[in-house]
Amino acid sequence: MKKKGKAGICGLFVLIVLPCLFTGFICGKEACPVVKKSSMEDYVAAVTATQISWSAPKEAIKAQTVIARGNLYVKWRAGKGGREVKNASIYLKKRKMDDLFLEKFQIFQEAAKETENQVLVYENEVKEIPYHELGTEKTRDGKELLGEAFSYLPSVETFNDKNSPLYVRGCYFNTEELRKRLKRKFPGFEIESAEQIEIKATDSVGYVMIIQIGNQEFQGESIKEFLEIPSSCFMVQSDGEEIRFLCRGSGHGLGMSQYTASVMAQEKKDYKKILNYFFPDLEIENLSDMK
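Just so it is clear, the model here is predicted, and its values are computed rather than measured.

Draft legend 1. Molecular detail of the pattern of salt bridges. Per the counting criterion, the structure on display carries 19 salt bridges. Between Glu41 and Arg69 there is a salt bridge whose closest N-O contact spans 2.7 Å. Residue Glu41 is located in the loop between helix H1 (2-26) and helix H2 (44-49), and its partner Arg69 is located in helix H3 (residues 58-77); the two are separated by 28 residues in the primary sequence. Each member of the pair, Glu41 together with Arg69, is buried. For Lys224, the salt bridge is made with Glu225, and the minimal N-O distance between the two is 3.0 Å. Relative accessible area serves as the criterion here: at 13%, Lys224 is assigned to the buried category. The network of salt bridges with shared partners includes Lys58, Glu59, Lys62, Glu110 and Glu114.

Okay, structure coming up:
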């Protein structure tokens, strides 16, 4: 009987809640009775669920929730929040709807409720806050990477990240494969050998800023995307036949490392301490109190 009841709840979630998650925002709250009195806050749990591992400790999820809410708020005010909501709806529909789903998703709902309306603020302005799955031994410096306007994103130590089994990963290509991949984006690109690959510049924590590959220069983050490698913090090695991008971490390395946040949560640090560690110049404020 209990199983049937839970199965019914899962079905209700799929058939009613998820479609309304998207419809209510894009088409207006009158389009779906379930979200008639909806607000941005109603979507925060679902959006957060797309951004961090469902196995993360609750306090790490709460830290991510505050970040997700602020980022959604900035987009919401600019009329660009629809994509976030649509992606959340699609993502949740793809999850297996079972007892574990309900149990885990409840944590995201609780995290949203327990941090309700809280966002990170810098100089009385809600800021979009970056985050990444796994960093290196330090996060990247926002001022160094993006300029003075991003000085609220300092470089902080994340030594725990190197304990992750995914901390170092090798990605292998031969010269022809590399040529084909980059030529899709850049028709004029050519490379003849691995000797034509040289890292030209890195930032202060080792992420590649500029790399020469064949007859063109690329930004490290662009190569990360084009080659679908975990990180732009990499070394390039070759035995003459195979080229190896030896990557550290996962993601762009800026803002909060979710892995270190999870370790801090396991050490009984709450979400406010986690956020204060990564963003000491930011304040946690309530949207309803802001003018």
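Draft legend 2. Region of the structure containing the layout of surface pockets. Volume-wise, the second largest pocket comes out at about 280 Å³. Residue lining of the second largest pocket: 14 residues in total, with Ser53, Glu133, Gln258, Tyr259 and Ser262 positioned closest to the centre. A per-class count over the lining of the second largest pocket returns seven nonpolar, six polar and one charged.

Draft legend 3. A look at the pairing of strand E8 (residues 234-238). Judged from the five bridges that link them, E8 and strand E9 (residues 242-248) form a sheet pairing that is antiparallel. Considered in E9, the bridge of Val236 is made with Phe245. In textbook terms, the turn of a hairpin is the stretch between consecutive antiparallel strands, and for E8 and E9 this stretch comprises three residues, one of which, Gly240, has a positive phi near 100°.

How each quantity is defined
- Residues numbered from 1 in each chain as written.
- Predicted model: local features only at pLDDT ≥ 70, side-chain atom pairs only at ≥ 80, totals over all residues.
- Heavy atoms only, no water.
- Salt bridge = Lys/Arg side-chain N within 4 Å of Asp/Glu carboxyl O.
- Helix = DSSP H or I, 4+ residues; strand = E, 2+ residues; numbered from the N terminus.
- Buried < 20%, exposed > 50% of the residue type's maximum accessible area, 1.4 Å probe, protein only.
- 1 Å grid on protein atoms, 1.4 Å probe; cavity = no way out; pocket = protein on both sides within 12 Å on 5 of 7 lines; lining within 4 Å.
- Points joined across faces, edges and corners; volume = space filled by probe spheres on them.
- Nonpolar A, V, L, I, M, F, W, Y, C, P; charged D, E, K, R; others polar.
- Pairing = 2+ DSSP bridges.

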